[in-house]
Amino acid sequence: MAEAAIKQNTFVWEGTDRKGTRIKGESRASNPSMVKADLRRQGINPLKVKKKSELFSSTKKRKILPKDIAVFTRQLATMMGAGVPLVQSFEIIGRGHENPAMQELIMSIKGDVESGSTLANALSKQPLYFDELVCNLVAAGEQAGILETLLDKIATYKEKTENLKSKIKKALFYPTAVIVVAFIVTAILLIFVVPQFEELFNGFGADLPAFTQMVIGLSEWMQAYWWLVLIGIVGAVYGFGQAKKRSPKFNHGLDRLVLKLPIIGEILQKAVVARFARTLSTMFAAGVPLVEAMESVAGAAGNALYAEGIMNMRDNVATGQQLQLAMAQTNLFPNMVVQMVAIGEESGSLDAMLGKVADFYEQEVDDAVDGLSSLLEPLIMAVLGVLVGGLIIAMYLPIFKMGSVV
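Small disclaimer: the values here were computed from a predicted structure and weren't measured.

> Residues and numbers for the packing of helix α15 (residues 335–347) against helix α16 (residues 350–400), please.
The geometry of α15 relative to α16 is characterised by a closest axis approach of 7 Å and an angle of 155 degrees between their N-to-C directions. Between α15 and α16, the crossing angle belongs to the class labelled roughly antiparallel. For the element pair α15 and α16, the recorded crossing hand is right-handed. Listed contacts from α16 to M336, V337, M340, V341, I343, G344 and E345 of α15 are L350, M353, L354, K356, V357, F360 and Y361. A per-class count over the contact of α15 with α16 returns 11 nonpolar, one polar and two charged.

> Provide a residue-level description of the environment of I392, including the pertinent values.
Looking at where I392 falls in the secondary structure, it is placed in helix α16. A residue is classified by how much of its surface remains accessible, and I392, at 45% relative accessible area, is partly exposed. For I392 and L280, which are 112 residues apart along the polypeptide, the C-alpha to C-alpha distance reads 55 Å.

> With reference to specific residues and values, describe the environment of D207.
Looking at the element boundaries, D207 is found in the loop between α8 (147–201) and α9 (210–246). We classify D207 as exposed; its relative accessible area is 77%. For the pair D207 and P398, spaced 191 residues apart in the sequence, the C-alpha separation amounts to 8.7 Å.

Cut-off values and rules
- Residues numbered from 1 in each chain as written.
- Predicted model: local features only at pLDDT ≥ 70, side-chain atom pairs only at ≥ 80, totals over all residues.
- Heavy atoms only, no water.
- Axes fitted to C-alpha atoms, helices over the stretch in contact; angles between N-to-C directions.
- Helix = DSSP H or I, 4+ residues; strand = E, 2+ residues; numbered from the N terminus.
- Parallel < 35°, antiparallel > 145°, perpendicular 65-115°, else oblique.
- Left-handed = near helix turned anticlockwise from the far one by under 90°.
- Contact = heavy atoms within 4.5 Å.
- Nonpolar A, V, L, I, M, F, W, Y, C, P; charged D, E, K, R; others polar.
- Buried < 20%, exposed > 50% of the residue type's maximum accessible area, 1.4 Å probe, protein only.

Okay, structure coming up:
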């Protein structure tokens, strides 16, 4: 049913409103009959309804991003807070979205809700975009009659999570981009520039410095086997991607390794702790039982090592152990976090304390990313200077000795 709902088309229609004024518009539906029925519900008398040709459509589908889901959740929470009915909220958001793929997703959910399905069930039919955590929170909100409040919490959670992800990407993108550029520049110099100097050096009639000979040898190897280097890089990237998708053991080892990296590892650890605290705080505040919430929290951790530790915590909490003791036994969480959780459990305000922990570590990640950028700029300049400058020095050393040969 979900697949059939997703396969909707755009229809162009003409009709008259209650005053007899002729109006035009577009609607998305499975067939013309549904368009006409929808228009009549809005007080519009449909005159013409025809399928819009894709050849003349100016909008192109693009991939639905997590950011799109975060914005959609905030829009839905805002409209429900303003008293707009749920189905009408979907209609307004869907028609106003610029991405046709997102429009189809929203209209598919709207169709399920109109057919009598709960919002949680409708969202669960789209697992690529709405994870178990969101579905559980929505279900809790519908059962307790506080869907509007829970949607607001989900929207805040999504926004903060996406903001945290963007900070991590910012921390990793800059050094990665510079390393790639440095490799490309070095390869170009070795393959195209150094051979020109080599032809010049052949007529010197003197032995070249060892450093220059080493660079020329590396250049000759690159000219002969550049294709092997390219295949090796592509193969390594592809193999890494496949191993990450298919091997839990590889993911576990990789996540353990990245947490031990200097500077970057500390930022990633703080990000995981912030995500853990934010997710558990949101679910606990929504009334989801702690043991049940822990499974969703483990799935949202973003690190296999922490996910395993959280599942162990869940098992310990299920046997009656306090959360702060279960956290301490994993040796994954800073002492301050464990103490804040202990205070929250004692005072009965665990969700508030976890929220404060999340705020603190999100700010820590923000400051660390800014500090990392300031630290990396001179370091990267030094690395580029050594690579490019070293090649230039190697090429000009024989020229400096030319006078003695002449």
